[in-house]
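# Descriptive analysis of the structure
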Amino acid sequence: MEIIEKAPAKINLGLDVLYKRDDGYHELEMIMASVDLSDRLILTAIPTDDIIIKTDNGFLPVDRKNNIYQAIDIMKKTYGFTQGVEVNLKKNLPVAAGLGGGSSDAAAAFRGVNRLFNLGATLEEMAKLSVPIGTDIPYCLYGQTALVTGVGDRVTPLSHPMPQCWIVLVKPKISVSTPRVFSKIQVDSLSHPNIKAIYHAIENQDYQEMIQHLGNSLESYTMEVFPIVKYVKNKMLEFGADAAVMSGSGPTVLALCKKRSRAVHVANALKGFCDEVYLVRTLNR
Ligand SMILES: C[C@](O)(CO)[C@H](O)COP(=O)(O)OP(=O)(O)OC[C@H]1O[C@@H](n2ccc(N)nc2=O)[C@H](O)[C@@H]1O
Ligand SMILES: Nc1ncnc2c1ncn2[C@@H]1O[C@H](COP(=O)(O)OP(=O)(O)OP(=O)(O)O)[C@@H](O)[C@H]1O
């Protein structure tokens, strides 16, 4: 039997770093949503006791360093299935981009083996297992517009999806290390977006109110180290985006546009500066 799972990119509409915890991780408050740009995983049961990952992306690890491997391994240890699994990963999302590609792949692997072997694991159970692998995985397991707190482990789905719009994702040609960003920031000097305001705007389906409050505490640090990120954001606004904000620890910047024609214009204009430009839609969930 073959199971197909989609692994959509996540975006941070708001990301607030509250404080550094004693364990070194940072307490966060975020509004997250998903867009219709996805990796694809095909999972097959195999008779030998192996976890085999094959991918069209030549740069990704296919051993236990891959988040997919770790997700299947922890499900195997917890639920004790005896067969092995082969995963074919079609990688469409840019890597180390701030779009949670590795986390979304891991979430798809959790869902996939759960279905493949009828394990009956709940989303809550898989979310608990997933945190040590990556703090964005609990959100990716739920996959609907949500308030995410703690280190990423507490997910409260909103009762409405983010208001529908067009999104232009632009990934400058640099890779940003999330651990490095978190180790370098001075929490006292960060800006703090109003996450509650974004939350209420989405619950009221008020697009104009939502875009006023987009913000990311990590943006100033990443922009200082990589000025191209600031340049991209400014260009998006200059070319008429309704709003723009960096996702995660960067470097991808997302531009929101209510009108498709405006989004097409922003995307085409940005192609003059960056190779990786994606015109996507919000997922209606
Ligand atoms: C910043 C976000 O993109 C927001 O969506 C994610 O929380 C980052 O997720 P990620 O890239 O999958 O990163 P993870 O593997 O979870 O964490 C990488 C490293 O970032 C730091 N980290 C991460 C999450 C968090 N709440 N506090 C932290 O300090 C830790 O040093 C951790 O070892
Ligand atoms: N399945 C996977 N897909 C992508 N990267 C993976 C995967 N498994 C392991 N990795 C490793 O994880 C690192 C970060 O990749 P990823 O694409 O998840 O980052 P990201 O988009 O910055 O995530 P975030 O938004 O959560 O910060 C890469 O250096 C990569 O080698």
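Residues numbered from 1 in each chain as written. Chains lettered and ligands numbered in written order. Predicted model: local features only at pLDDT ≥ 70, side-chain atom pairs only at ≥ 80, totals over all residues. Heavy atoms only, no water.

Next up on the list: the overall build of the chain. Each helix and strand in the chain was counted, giving 10 helices and 11 strands. For the chain, whose C-alpha radius of gyration is 19 Å, the value lies close to the compact-globule estimate of 19 Å for 285 residues. Seen along its three principal axes, the alpha-carbon backbone of the chain occupies a region of about 55 × 40 × 35 Å. Looking at the chain as a whole, 58% of its 285 residues qualify as buried. Once the 31 positive and 30 negative side-chain charges of the chain are each reduced to a mean point, those two points are 5 Å apart. (Helix = DSSP H or I, 4+ residues; strand = E, 2+ residues; numbered from the N terminus. Rg over C-alpha atoms; globule rule 2.2 N^0.38 Å. Buried < 20%, exposed > 50% of the residue type's maximum accessible area, 1.4 Å probe, protein only. Lys, Arg positive; Asp, Glu negative; His and termini not counted. Charge placed at Lys NZ, Arg CZ, Asp CG, Glu CD.)

This paragraph deals with the packing of aromatic side chains. If you walk through the whole model with that rule in mind, you get 2 aromatic pairs. Judged by centre distance (4.5 Å) and plane angle (25°), the rings of Phe 81 and Phe 117 are stacked. In this pair, Phe 81 sits in the loop between α1 (67-79) and β4 (84-90) while Phe 117 sits in the loop between α2 (101-116) and α3 (123-130), placing the two residues 36 residues apart along the sequence. Taking relative accessible area as the criterion, Phe 81 reaches 9% and is therefore assigned buried. Assessed through its relative accessible area of 16%, Phe 117 is described here as buried. Between the aromatic rings of Tyr 231 and Phe 273, the centroid separation amounts to 5.4 Å while the plane-to-plane angle is 80°, which identifies the pairing as edge-to-face. Of the two residues, Tyr 231 is situated in helix α9 (residues 227-238) and Phe 273 in the loop between α10 (260-270) and β11 (276-281); the sequence distance between them amounts to 42 residues. Classification of Tyr 231 as partly exposed rests on a relative accessible area of 39%. Across the ring face of Tyr 207, the terminal group of Lys 258 is positioned such that the distance to the ring centre comes to 4.7 Å. Looking at Arg 260, its charged tip hangs above the ring of Trp 166, at a distance of 5.1 Å from the centre. (Phe/Tyr/Trp six-rings, centres within 6.5 Å; stacked < 30°, edge-to-face > 60°. Lys NZ or Arg CZ within 6 Å of the ring centre and 35° of its normal.)

So, about the site of ligand 1. Around ligand 1, a shell composed of 18 residues is seen, among which Lys 10, Asn 12, His 26, Thr 135 and Asp 136 lie nearest. At a separation of 3.0 Å, an oxygen atom of ligand 1 approaches a polar side-chain atom of Lys 10. Separating an oxygen atom of ligand 1 from a side-chain N or O atom of Asp 136 is a distance of 2.8 Å. Expressed as a share of its isolated accessible area of 650 Å², the protein-covered part of ligand 1 is 81%. Of all the cavities here, the one that holds ligand 1 is the largest pocket. Among the elements that take part in the shell around ligand 1, strand β2 (residues 26-46) stands out by supplying 4 residues, more than any other. The residue inventory of the shell around ligand 1, partitioned by class, reads 8 nonpolar, 8 polar and 2 charged. (Near = heavy atom within 4 Å. Polar contact = N/O pair within 3.5 Å; in protein donor to acceptor, adjacent residues only side chain to side chain. Areas by Shrake-Rupley, 256 points an atom, 1.4 Å probe, with all protein chains shown as cover. 1 Å grid on protein atoms, 1.4 Å probe; cavity = no way out; pocket = protein on both sides within 12 Å on 5 of 7 lines; lining within 4 Å. Sits in = over half its atoms within 2 Å of the grid points. Nonpolar A, V, L, I, M, F, W, Y, C, P; charged D, E, K, R; others polar.)

With that out of the way, let us pick up the sheet that holds strand β10 (residues 253-257). Backbone-to-backbone hydrogen bonds pair the strands of a sheet. The strands run either parallel or antiparallel. In spatial order, the strands read β9-β10-β7-β11; together these 4 strands make up an open sheet with antiparallel pairing. The open sheet has two edge strands with one neighbour each: β9 (243-246) and β11. Between one strand and the next, the sheet's axes are offset by a mean angle of 20°, whatever the strand orientation. The strands that α9 touches are β7 (166-171), β9 and β10; relative to β10, the one it contacts most, it runs at about 10°. (Pairing = 2+ DSSP bridges. Axes fitted to C-alpha atoms, helices over the stretch in contact; angles between N-to-C directions. Contact = heavy atoms within 4.5 Å.)

UniProt records the feature "active site" (unreviewed entry) at Lys 10 and Asp 136, using the numbering of this structure. Spanning 127 residues, the named residues nonetheless gather at one spot, since no C-alpha pair among them exceeds 8.8 Å. Lining residues of the largest pocket drawn from the annotated set just named are Lys 10 and Asp 136. You can see Lys 10 is positioned in strand β1 (residues 2-20). Relative to the elements of secondary structure, Asp 136 occurs in the loop between α3 and α4 (137-142). (UniProt positions renumbered as here; feature names shortened; annotations may be inferred.)

At a minimum axis separation of 11 Å, α2 and α3 run at an interaxial angle of 130°. Overall, the two elements α2 and α3 adopt an arrangement that is oblique. Handedness of the α2/α3 crossing: right-handed. Counting all contacts with α2, which are made through Phe 110, Arg 111 and Asn 114, the residues of α3 involved are Met 126, Leu 129 and Ser 130. Here the residues of the contact of α2 with α3 sort into 3 nonpolar, 2 polar and 1 charged. (Parallel < 35°, antiparallel > 145°, perpendicular 65-115°, else oblique. Left-handed = near helix turned anticlockwise from the far one by under 90°.)

Structurally, the position occupied by Thr 149 is in strand β5 (residues 146-150). In this structure, Thr 149 is in contact with Leu 28, Glu 29 and Arg 154, ignoring residues within four places of it in sequence.

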